[in-house]
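Take a look at the letters that make up each chain.
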Amino acid sequence: MTTFISLGVSLLLSVQRMTRINPSSKPKILAKTLTTMASTVAPPRDPNTVSNYNYWRTKHTIADLAIDFKKQRLHGNVTLELESTTEKQSEEIVLDSSFVDVQAISINGTKSTSWKVRDRSEPYGSPVTIPIPGGIGKGSKLSVQISLSTTDKCTALQWFAPAQTSNGKFPYMFSQCQAIHNRSIFPCQDTPDVKSTYDFRIRSPLPVVASGLPRGSSSFIHGENGTPGTLLYSFYQEIPIPSYLFAIASGDIATAAIGPRSVVSTGPEELAAAKWELENDTEKFIEVAEKLIYSYQWTQYNVLVLPPSFPYGGMENPVFTFATPTIVSGDRENVDVIAHELSHSWSGNLVSNASWEHFWLNEGWTTYLERRIQAALHGEAHRDFSSIIGWKALVDSVNLFGDDHEFTKLVVDLEGKDPDDAFSSIPYEKGFHFLYYLEKLVGKSSWDKFIPHYFKTWLKKSLDSYEFKTTLLDFFASDKAASAALAKVDWDTWFYKPGLPPKPEFDTSLVDTCYALAKAWEDKDYKPSPNDIGGLSANQIVVFLETLQLNETKLSPSQSQSMGSTYSLTKTQNVEILARYYRIALGAKDETVYHPAAELLGKVGRMKFVRPLFRALVAVDRKLAEETFEKNKDFYHPICRGQVEKDLQEGK
């Protein structure tokens, strides 16, 4: 129902949106508005949810779901324990929902007949409204049980028939809920500003992993009419997590230890290679992070290596990182993905951005911590080496959007927008550079004292950029030198100026050879030798290729072919190298790589590689690019498929 209170909240939210354009005016306007309204209910900070989470907060979630591989659905009951944040001021619960078949809702065990699924509004879905006549007292809780099934339009789940898996024996499924896709599995408060504990009760004919600690399997039920029997797999998550960290996967999953508190899980045929790739570094990464921040809170740190259609490098689901198989390259050169996802165990998972407009608080911090781990294990030069690779990714993203685009800011305006459209390396790399700048400003030893303070202050909470600023300034208030240094920070420029940040002076000792080799290739008569790259690591070859990409003069087709054959680039198992070489070769209009690049697009679903390769292929052979997408669109995860569809449309 519409009340004076809800109208007041809407007005406050409008003020919050308008003042984002002029952030310096926000405190005065908001304070004045609050004093003139009858209600003091804080407006929701997240523009990408339609839930009224400022009146109700999810405290605990029970997901009691069965996996139906034949119908490619999840079905069952999800129970939300919700706490009222006001004294009977809300008589309606509003939940996010998208393409969910909601079948029944009960309140405290009593069936409700007046709930509704409202009209759909893109990109946020169809709100589910549940009347609570009279409301309840502040701090009181109620239980909402929702009977449901996912549908074929669910954007969080990907399903594979047996023929689509590596051994062709069993089906497979996994979830990917970031940023706002959990609402397509079950109605919820789908915002990182709300955190809930979880119980998972997942029934499946195949092994299950989830973003909780396992309780074990039980309650076997025989199948009927030739269908396999099922077990109930139970997990619990006692640390409150936001909805985007809800995660499950099920399939022919085998497991091996990679450390005293870690396992890797993947397909049986891929297990040995995955174990070798990760067992040397995982525990080292954890120990370094613990020294830098504080002890690991999640008991276990495990890795699930997913099928190749997984759209990201990794997803930091608690207890079980979901990872791309492209990290298994046979050279241990891509395990920095694990250092990154592990760092999320503090940044993002324990301390979360309050909305996707402040995504840099998750990813900038995580990239910063990842590089501190690298520096501790391999030396400070490796931090700058990784930063140089990251700077190229940042430049590419800014160039793609345009240097005056909203999405190139550190703090972005996402009202009415899909957070997936804003996804790029910018919050990672621009966020890293802001933190790197602050570290240099106050001094590393002083900054290192702030790191654990920040993560303790916001433990199990969510914050925005303004609260980060306040926390930083308050911490250093008694340090005159640091306070004086921080007084020089142009916060509005860092937060709201589009484009690239100032480029720092990097230690180039690990890349000078790469730069020199790229320079040599500017000579059209350069004769390559296998010795050119004989002493280079895989990541140094990446820097060499990325430097070539920046050259204004493109290679000729014959140069491209000579490079590929002499350096054996087309034979590498490392997709980081292969994808970059194909982009260079496509830019050279080397027709010998058109079809191999298209074939790679049918084997890898990681958006980092898929989207740039499609753009490069479109530039030289749109027909082949469109045929390749049509052939492989069911292979791609729904998130990746949707983004590539937009890319192909924009190119017309």
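Preceding block: the structure.
All figures in this text were calculated on a predicted structure; none of them were measured in a lab.

Cut-offs and rules
Residues numbered from 1 in each chain as written. Predicted model: local features only at pLDDT ≥ 70, side-chain atom pairs only at ≥ 80, totals over all residues. Heavy atoms only, no water. Helix = DSSP H or I, 4+ residues; strand = E, 2+ residues; numbered from the N terminus. Buried < 20%, exposed > 50% of the residue type's maximum accessible area, 1.4 Å probe, protein only. Core = buried A, V, L, I, M, F, W, Y, C linked by side-chain atoms within 4.5 Å. Contact = heavy atoms within 4.5 Å. Expected span 1.5 Å × (residues − 1). Pairing = 2+ DSSP bridges. Axes fitted to C-alpha atoms, helices over the stretch in contact; angles between N-to-C directions.

(A) Just the environment of P43, in detail. Looking at the element boundaries, P43 is found in the loop between α2 (26–36) and β1 (56–68). Overall, P43 belongs to the buried group, its relative accessible area being 15%. As a C-alpha pair, P43 and Y53 span 10 residues in sequence and 9.1 Å in three-dimensional space.

(B) A look at the nonpolar core. In this structure, W365 and F468 are the most contacted members of the largest nonpolar core, which totals 196 residues. The residues contacting W365, other than those within four sequence positions of it, are S347, W360, L435, W447, F450, I451, Y454, F455 and F468.

(C) Main features of helix α7 (residues 380–401). The terminal C-alpha atoms of α7, which comprises 22 residues, lie 32 Å apart, in line with the 32 Å expected from a rise of 1.5 Å per residue. Note on α7: the residue one or two positions beyond its end, G402, has a positive phi of about 105°.

(D) The arrangement of the sheet that holds strand β16 (residues 254–259) in detail. Taken in spatial order, the five strands line up as β16-β17-β18-β20-β19 in an open sheet, and their pairing is mixed. The open sheet is flanked by β16 and β19 (314–315), the only strands paired with a single partner. With four bridges joining them, strand β18 (residues 302–305) and strand β20 (residues 320–323) adopt parallel strand pairing. Pairing of V305 across the sheet is with A323, part of β20.

(E) Spotlight on the sheet that holds strand β12 (residues 208–210). What the four strands build is an open sheet, ordered β9-β10-β15-β12; its pairing is antiparallel. Single-partner strands in this sheet number two, and they are β9 (157–160) and β12. When strand polarity is set aside, the average angle formed by the axes of neighbouring strands in this sheet is 10°. Looking at chain direction, β12 and strand β15 (residues 248–250) are connected through three bridges and run antiparallel. Considered in β15, the bridge of V208 is made with S250.

(F) Looking closely at the environment of Y594. Along the chain, Y594 falls in helix α17 (residues 594–600). On the accessibility criterion, Y594 (9% relative accessible area) is buried. Separated by 479 residues in the primary sequence, Y594 and W115 have C-alpha atoms spaced 54 Å apart. Setting aside its immediate chain neighbours within four residues, Y594 contacts L586, K589, L617, V620, D621 and L624.

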